[in-house]
Amino acid sequence: MVEGTRTPEPSARFVAPPRLHGVPGRGSSRRALVAASVGNVIEWYDFVLYGASAFVLAQVFFPQQDPGTAVLATFATFGVAFLARPVGALVLSHVGDRVGRRDVLAGSVLAMALATALIAVLPTHARAGLLAPALLLVLRAVQGFCAGGEYGGSATFLVEYAPEGRRGWFGAWQTATIGIGSALATVAVLLASLSPQTLFTWGWRVPFALALPLGLVGLCLRLQLEETPEFQRVRASAARTRRAPAAEVLRSHRRPVLVGAALVSGATLSMYVFQNYVPTFLATAAGVPLTTALGGNLVGIAVFAAASLLFGRLSDATARRPFLLVGAVALVLCPLPAYLLDVRGSFWAIALGQGLFGLAVAPLMGLVPAVLAELFPTPVRFTGLSISYTLANALLGGTAPLVVAWLFRATGSGASFVWYCSAAALISLAGALLVRETGGRRLVQG
């Protein structure tokens, strides 16, 4: 066959002059942005749905001799998913760095949606006894395993598809879709709560069942994408993909892992407290109607999503570290005024308190996807990012609702979790002080 007449292989586009440095075209970048973002929306819909429904799940799946203990058990089950996350991160990121990002993301979004949808058909404690919370525990573990690869994979996918100089903006969509997924979950629970007569019988099941069609949409979108240009470039070059990405990360990139985990830890802890625990706290301990608590929380989530995009774009034009530092300091200071507004109990007070928190956490969480991705080279980026993020979540983020519920039970003071959040934010401040600058003109292309 004459070489000049052969149809070029699909990978040839990545070594031609327009793709020499792994820079994707505008159209493919936009498709990647949508596909990765949709998957992240579904992940956070699944996770926040459980937290937003905790008030109901505590009564449906656990014995009611002591309602306080039932709430603690509900949040303990919430935390199980975060213990499974590091396992999922190691397994799925290994495949992602060895084989490719796309197929891992397609599989994780479908499995996570199936696990969430199956919660909708579980028997209640009244019908199945202890089997009901046991099955819930298993499905939460499956969710956590899949989510362990979802965040690192979608953040890596977005950043590697980003045009030059726009990693902060693309990565910020990873954070903004946390807000969108959280908002969808909150709206779903809010609508189900409008009919108290059906909420505790079958109404609570509907938001969980909706996860399946959302997951199928995410699967279709992701299967239509090609592998990221940077990964294709590494796979085609002499650098080759690593046989044991996790071993290399832990051997040669320990400092970035620890700095990244520190940066994330305080921010994720505070997010899970204010966006997952606070609505349940207001409904169970402060006597606020659940619809009022969820409605005010929805405003805070919207502020968080919009501000994350703003700070991501600004970090591309200027620098990342100043925003990280401002965000960490704001997280140390804001929990107390946000709490004092929340416990006033009116919709507008809760909206203002949650909005204040959303604005404070956005500079950190909005930049985290780009910053973490830029801490690791392409061949081990998926693994390094996943380990950093899931380490912080397993140690502090996932246990946050359980710990603050226990603190309230032990002290009788809702303000106890305020100091817990502020103390954890000091860890993020340390991470912001230690992270190197990669934004603006100092963008690192891996």
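Residues numbered from 1 in each chain as written. Predicted model: local features only at pLDDT ≥ 70, side-chain atom pairs only at ≥ 80, totals over all residues. Heavy atoms only, no water.

## Re the overall build of the chain
Consideration 1: A tally of regular secondary structure across the chain gives 20 helices and zero strands.
Consideration 2: Burial statistics for the chain: of 446 residues in total, 59% are counted as buried.
Consideration 3: Expressed as a percentage of contacts within the chain between residues at least 6 apart in sequence, the contacts between residues at least 24 apart total 87%.
Consideration 4: Just so you have it, the chain exposes about 16800 Å², and 69% of that area is on carbon and sulfur atoms. (Helix = DSSP H or I, 4+ residues; strand = E, 2+ residues; numbered from the N terminus. Buried < 20%, exposed > 50% of the residue type's maximum accessible area, 1.4 Å probe, protein only. Contact = heavy atoms within 4.5 Å. Areas by Shrake-Rupley, 256 points an atom, 1.4 Å probe, with all protein chains shown as cover.)

## Quick notes on the packing of helix α15 (residues 321-333) against helix α16 (residues 335-342)
Consideration 1: Their axes nearest at 5 Å, the elements α15 and α16 cross at an angle of 50 degrees. What the angle tells us is that α15 and α16 run oblique. Mapping the contact onto sequence places Ala 330, Leu 331, Val 332 and Leu 333 in α15 and Pro 335, Leu 336 and Pro 337 in α16.
Consideration 2: Classifying every residue of the contact of α15 with α16 by side-chain character gives seven nonpolar, no polar and no charged. (Axes fitted to C-alpha atoms, helices over the stretch in contact; angles between N-to-C directions. Parallel < 35°, antiparallel > 145°, perpendicular 65-115°, else oblique. Nonpolar A, V, L, I, M, F, W, Y, C, P; charged D, E, K, R; others polar.)

## What to know about the environment of Gly 149
Consideration 1: Within the secondary structure, Gly 149 sits in helix α6 (residues 131-161).
Consideration 2: Taking C-alpha positions, Gly 149 is 8.4 Å from Phe 382, a pair spaced 233 residues apart along the chain.
Consideration 3: Discounting residues that sit within four places of it in the chain, Gly 149 has contacts with Gly 88, Ala 89, Leu 92, Leu 105 and Phe 382.

## Describing the environment of Phe 208
Consideration 1: Within the secondary structure layout, Phe 208 lies in helix α9 (residues 205-209).
Consideration 2: Along the backbone, Phe 208 and Tyr 45 are 163 residues apart, and their C-alpha atoms lie at a distance of 9.2 Å.
Consideration 3: Not counting residues within four places of it along the chain, the set of residues in contact with Phe 208 comprises Leu 49, Tyr 50, Ser 53, Leu 57, Thr 116, Ala 117, Ile 119 and Ala 120.

## Topic: the confidence of the model for the chain
Should the pLDDT be low somewhere, the predicted coordinates at that spot are not to be read in detail.
Consideration 1: Taken over all residues, the pLDDT of the chain has a mean of 82, while the share at 70 or more is 89%.
Consideration 2: Of the regions scoring below 50 in pLDDT, residues 1-22 engages in 21 contacts with residues more than four places distant in sequence or in other chains.
Consideration 3: Note that pLDDT drops below 50 for residues 441-446; the model gives that stretch 22 contacts with residues more than four away or on any other chain. (pLDDT = per-residue confidence, 0-100.)

## Side note on α15
Consideration 1: End to end, α15 covers 19 Å across 13 residues, agreeing with the expected 18 Å (1.5 Å per residue, within 8%).
Consideration 2: Every buried residue of α15 is accounted for by Phe 323, Leu 324, Gly 327, Ala 328 and Leu 331. Angular distribution of buried residues about the axis of α15 spans 135 degrees; they occupy a single face of the element. Exposed and oriented more than 90 degrees from the buried face of α15 are Val 326 and Leu 333.
Consideration 3: Against the buried residues of α15 lie α13 (254-284), α14 (290-317), α16, α17 (347-374) and α20 (416-434). (Expected span 1.5 Å × (residues − 1). Arc of directions from axis to C-beta.)

## A few points about the packing of aromatic side chains
Consideration 1: Taken as a whole and judged by the stated rule, the model has 15 aromatic pairs.
Consideration 2: Relative to Phe 417, the ring of Tyr 277 has its centre 5.7 Å away and its plane inclined at 80 degrees; by these criteria the two rings are edge-to-face. With Tyr 277 in helix α13 and Phe 417 in helix α20, the pair connects residues that are 140 residues apart, well separated along the chain.
Consideration 3: Judged by relative accessible area, Tyr 277 falls into the buried class, the value being 3%.
Consideration 4: Aromatic pair Phe 281 and Tyr 339: ring centres 6.4 Å apart, planes at 40 degrees, arrangement tilted. Of the two residues, Phe 281 is situated in helix α13 and Tyr 339 in helix α16; the sequence distance between them amounts to 58 residues.
Consideration 5: Note on Phe 281: relative accessible area 6%, which makes it buried.
Consideration 6: By relative accessible area, Tyr 339 is classed as buried at 12%.
Consideration 7: Put simply, the rings of Phe 274, Tyr 277, Phe 281, Tyr 339, Phe 357, Phe 408 and Phe 417 touch in pairs and so form one group of aromatic residues.
Consideration 8: In this structure, Arg 140 packs its charged tip against the face of Tyr 50, placed 4.4 Å from the ring centre. (Phe/Tyr/Trp six-rings, centres within 6.5 Å; stacked < 30°, edge-to-face > 60°. Lys NZ or Arg CZ within 6 Å of the ring centre and 35° of its normal.)

## Some remarks on the environment of Val 329
Consideration 1: Relative to the helices and strands, Val 329 resides in helix α15.
Consideration 2: The partly exposed category is assigned to Val 329, whose relative accessible area is 40%.
Consideration 3: On a C-alpha basis, the gap between Val 329 and Leu 429 in space is 6.7 Å, while along the polypeptide they are 100 residues apart.

## What about the side chain of Arg 167?
Consideration 1: Within the fold, Arg 167 resides in helix α7 (residues 167-193).
Consideration 2: With relative accessibility at 1%, the residue Arg 167 sits in the buried group.
Consideration 3: A distance of 2.9 Å separates polar atoms of two side chains, one belonging to Arg 167 and the other to Glu 230. (Polar contact = N/O pair within 3.5 Å; in protein donor to acceptor, adjacent residues only side chain to side chain.)

## Details of the packing of helix α4 (residues 101-119) against helix α10 (residues 211-223)
Consideration 1: Orientation of α4 relative to α10, taken along the N-to-C sense of each, is 175 degrees, at an axis distance of 8 Å. Judged by the angle between their axes, α4 and α10 are roughly antiparallel. Of α10, the residues touching α4 (which contributes Arg 102, Leu 105, Ala 106, Ser 108, Val 109, Leu 110, Ala 113, Leu 114, Thr 116 and Ala 117) are Ala 211, Leu 212, Gly 215, Leu 216, Gly 218, Leu 219, Arg 222 and Leu 223.

## Some words on the nonpolar core
Considering soluble globular proteins, one finds that nonpolar side chains tend to be buried as a cluster.
Consideration 1: Counting residues in hydrophobic clusters, the biggest one holds 106 residues, and the most contacted among them are Phe 61, Trp 204, Val 273 and Phe 417.
Consideration 2: It is α13 that contributes the most residues to this core, 16 residues altogether.
Consideration 3: If near-sequence neighbours (up to four positions away) are discounted, Val 273 is found in contact with Val 278, Ala 400, Val 404, Phe 417 and Cys 421.
Consideration 4: Core analysis: the next-biggest nonpolar cluster, separate from the first, contains eleven residues, Ala 35, Leu 158, Phe 170 and Leu 225 among them. (Core = buried A, V, L, I, M, F, W, Y, C linked by side-chain atoms within 4.5 Å.)

## A short note on the side chain of Arg 320
Consideration 1: Position of Arg 320 among the secondary structure elements: in the loop between α14 and α15.
Consideration 2: Note on Arg 320: relative accessible area 1%, which makes it buried.
Consideration 3: A distance of 2.9 Å separates a polar atom in the side chain of Arg 320 from a polar atom in the side chain of Glu 374.

## Some thoughts on the pattern of salt bridges
Consideration 1: In the structure shown here, the tally under the stated rule is ten salt bridges.
Consideration 2: Across the pair Arg 102 and Asp 103 runs a salt bridge whose closest N-O atoms are separated by 2.9 Å.
Consideration 3: With relative accessibility at 47%, the residue Asp 103 sits in the partly exposed group.
Consideration 4: Between Arg 167 and Glu 374 there is a salt bridge whose closest N-O contact spans 4.0 Å. Taken together, the residues Arg 167 in helix α7 and Glu 374 in helix α17 connect sequence positions 207 residues apart. There is no split in this pair, since Arg 167 and Glu 374 are both buried.
Consideration 5: Via salt bridges that share partners, Asp 97, Arg 101, Glu 160, Arg 167, Glu 230, Arg 313, Asp 316, Arg 320, Glu 374 and Arg 381 belong to a single interconnected network. (Salt bridge = Lys/Arg side-chain N within 4 Å of Asp/Glu carboxyl O.)

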